[in-house]
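Commentary on secondary and tertiary structure
So you can see what is in the structure, the chains are spelled out below.
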Amino acid sequence: MSQVVFPKKTLHDIDVVGKTVLLRVDYNVPMTADGQIDDDFRIEASLATINYLLEQQSKVVICSHLGRPSGERDEKFSLKPVAKKLAQALGREVKFVRDCVGPEVRAASSGLVEGEILLLENLRFYAGEEDNERDFAERLAKDSAADFFVQDGFGVVHRKAASTDAIVEFLPSAAGFLVEREWTALKQATDDPGRPLVAVLGGAKISDKIELVSHFIEICDGIIIGGAMANTFLKHLGFDIGDSLFEDGEGETVQKIIDQAQNKFGEEYLAKFILPSDVAISESGDLKAKRREVVLSRDKQLSRATKILDIGEQTIGYATALIGSSRTVIWNGPLGLTEEPAWANGSAKVAEALANDQGIVSVIGGGDTASFIRNWDVQKVDSFSHISTGGGASLELLSGLNLPGVDSLMDR
């Protein structure tokens with residue numbers, strides 16, 4: 001096993017001492033109904049890069065998006081609460097300007113002194129951001145008075161936007177520490193992992209993860225499938241799933257995956273490609289109902305209202321045994337409806353198996369999986385090798401796809 005090397009320039013490759021740096025981060029954080037930040041994971045993940053820039057006496061101009069304001073100003077998507085939270089995390093003032101381009105930005109940016117921080121307003125208040133408009137990127141570069149652009153918003157580097165792609169036409173560019181760490185951890189896990197390599201795949205839609213599943217069959221030594229995605233497999237294979245969530249019209253896709261897995265694993269198919277053999281159900285369909293487990297059989301009929309909401313103990317045993325024999329595990333997607341404690345057992349048991357075995361390199365995909373891990377047991381969060389901040393970005397990189405926001409940066 002050799003170490004994967006990040007191919008682009010990073011902060012260590014550019015001289016930012018006393019310079020103005022336009023820093024793209026991903027502060028698209030979940031907000032409560034009353035406008036408070038519900039989870040500051042992405043803010044905390046950006047601190048290493050920001051603190052380094054402050055140590056270099058850089059003037060730091062931070063830009064990000066929040067939510068989907070559709071190119072119009074909408075105060076519920078303002079980044080002002082993020083400025084306050086970031087200031088608390090850093091223990092120092094974070095200036096805020098209520099625009100991301102224009103005269104106010106020019107005045108605020110040019111007025112910064114070394115070691116000061118300015119957070120710009122939501123980039124998506126301008127349609128030019130998502131449209132990857134060259135003119136908007138040029139305004140962003142000039143109005144921020146930046147000498148360098150540093151990309152540290154891993155959660156957005158799978159998109160071609162003005163602040164991830166066009167911006168590099170106007171400023172010399174490099175990756176921040178978070179983007180470098182994310183890219184390296186995920187590529188190491190897929191390109192040259194310690195073996196056996198096992199993938200745990202959950203979530204709702206197989207259509208969103210077809211490239212990932214297919215890619216993992218090619219590179220992995222074992223695959224575990226759960227969540228609502230598994231229901232689509234089970235229905236295609238002739239099992240009654242009651243009123244459970246599944247994707248209609250994906251039979252051909254499912255069969256191709258099954259055929260691919262059978263060709264890959266041969267006689268070990270059933271042991272290496274684990275689908276639920278038993279499930280946890282709500283017979284009434286009520287998410288607050290008592291958990292009941294049933295062994296699956298093509299002869300077993302479930303009531304019309306029944307919902308499959310988690311994997312059962314037998315499947316958990318098969319999954320954790322496969323995990324226990326691995327050296328690298330990539331996990332993307334919860335195995336049950338983890339928002340309700342009754343249906344989080346499968347995900348919790350997998351998390352425990354990974355946290356308790358420090359011989360396993362555990363790579364946790366972003367989105368719902370990262371949220372579950374961070375809320376599962378705060379004392380054990382550091383037991384995982386890598387928890388990604390990026391949902392779509394981690395999914396695409398793990399699928400073997402390129403990331404435009406990384407590809408656009410200066411080569412090392």
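Everything below is about the structure printed above this text.
In what follows, the accompanying structure is described. Since we're looking at a predicted model, the values are computed, not measured. Residue indices follow the written sequence of each chain, beginning from 1 at its first position. With pLDDT at 70 or above as the cut-off, local features in this predicted model cover only qualifying residues; side-chain atom pairs require 80 or more to be listed or tallied, and sums for whole chains, interfaces and linings still use all residues. Side-chain measures were taken over the full set of non-hydrogen atoms in the model, leaving aside hydrogen atoms and water.

1. Re helix 14 (residues 368–376)
Looking only at helix 14, the buried set comprises Thr369, Ala370, Phe372 and Ile373. The buried residues of helix 14 occupy an angular sector of 160° when the element is viewed end-on, so they sit on one face. Turned more than 90 degrees away from the buried face of helix 14, the exposed residues are Asp368 and Asn375. Contact criterion: two residues are considered in contact whenever any of their non-hydrogen atoms come within 4.5 Å of each other. By the criteria applied, helices consist of DSSP H or I runs no shorter than four residues and strands consist of E runs no shorter than two, each listed in order from the N terminus. Residues of helix 14 that are buried in the fold lie against helix 1 (41–45), strand 13 (328–332), helix 13 (345–355), strand 14 (361–364) and strand 15 (386–387). The cut-offs for exposure are 20% and 50% of the maximum accessible area for each residue type, with area from a 1.4 Å probe on protein chains only; residues under the lower value are buried, those over the upper are exposed, and the others partly exposed. Arc definition: it is the arc formed by the directions from the helix axis to the C-beta atoms.

2. Description of the side chain of Asp39
Secondary-structure assignment places Asp39 in the loop between strand 1 (20–24) and helix 1. For Asp39, a relative accessible area of 17% puts it in the buried group. At 2.9 Å, the side chain of Asp39 forms a polar contact with the backbone nitrogen of Phe41. Whenever two N or O atoms come within 3.5 Å, that pair is a polar contact, provided that in protein one can donate a hydrogen and the other can accept it, and provided that, for residues adjacent in sequence, both atoms are side-chain atoms. Polar side-chain contacts of Asp39 include one of 2.8 Å to the side chain of Arg374. Beyond its immediate stretch of four places on either side in the chain, Asp39 contacts Val29, Pro30 and Arg374.

3. Section: the sheet that holds strand 13
In short, DSSP must find at least two bridges between two strands for them to pair. Strand order in the open sheet formed by six strands is 9-8-7-13-14-15, and the pairing between neighbours is parallel. The open sheet has two free edges, formed respectively by strand 9 (273–274) and strand 15, since each of these has just one partner strand. As paired elements, strand 8 (residues 222–225) and strand 9 share two bridges and run parallel to each other. Within strand 9, the residue paired with Ile223 across the bridge is Phe273. For helices, the fitted axis covers only the stretch in contact; all axes are lines through C-alpha atoms, and the angles between them, taken along N-to-C directions, range from 0 to 180 degrees. Sitting on the sheet, helix 8 (residues 210–219) is in contact with strand 7 (197–201), strand 8, strand 9 and strand 13, with an inclination near 160° to strand 7.

4. Topic: the pairing of strand 4 (residues 117–120)
Residues Ile117 and Leu119 point to one face of strand 4 and Leu118 and Leu120 to the other, with burial holding for every one of them. Judged from the three bridges that link them, strand 2 (residues 59–63) and strand 4 form a sheet pairing that is parallel. Its bridge partner lying in strand 4, Val60 is registered against Ile117. One ladder, built from three bridges, connects strand 3 (residues 95–97) with strand 4; its direction is parallel. What sits directly across from Lys95, in strand 4, is Leu118. When the strands point away from the viewer and the path from the first strand over the helix to the second turns clockwise, the crossover is right-handed. Handedness of the β-α-β unit built from strand 3, helix 4 (residues 103–110) and strand 4 comes out right-handed.

5. Quick notes on the sheet that holds strand 5 (residues 148–151)
An order of 3-4-2-1-5-6 is seen for the six strands of this open sheet, with the pairing classed as parallel. The sheet is open, and its two edges are formed by strand 3 and strand 6 (173–175), each paired on a single side. Taking each pair of neighbouring strands and ignoring which way they run, the sheet shows an average axis angle of 25°. As paired strands, strand 1 and strand 5 are joined by four bridges and run parallel to one another. Along strand 5, the bridge assignment pairs Arg24 with Gln151. Sitting on the sheet, helix 2 (residues 47–55) is in contact with strand 1, strand 2 and strand 4, with an inclination near 180° to strand 1. This element, helix 3 (residues 80–90), spans strand 2, strand 3 and strand 4 of the sheet and lies at about 155° to strand 4.

6. Section: the pattern of salt bridges
A side-chain nitrogen of Lys or Arg and a carboxyl oxygen of Asp or Glu constitute a salt bridge if their distance falls within 4 Å. In the structure shown here, the tally under the stated rule is 24 salt bridges. Here Arg98 makes a salt bridge to Glu75, at a shortest N to O gap of 2.4 Å. One end of the pair, Arg98, is in the loop between strand 3 and helix 4; the other, Glu75, is in the loop between strand 2 and helix 3, and 23 residues separate them in sequence. Here Lys95 ties to Glu93 by a salt bridge, and the two come within 3.8 Å at their closest N and O atoms. We classify Lys95 as partly exposed; its relative accessible area is 28%. Three or more residues joined by partner-sharing salt bridges are found here, namely Asp13, Glu180 and Arg412.

Limitation: the analysis is restricted to geometry and does not speak to function.
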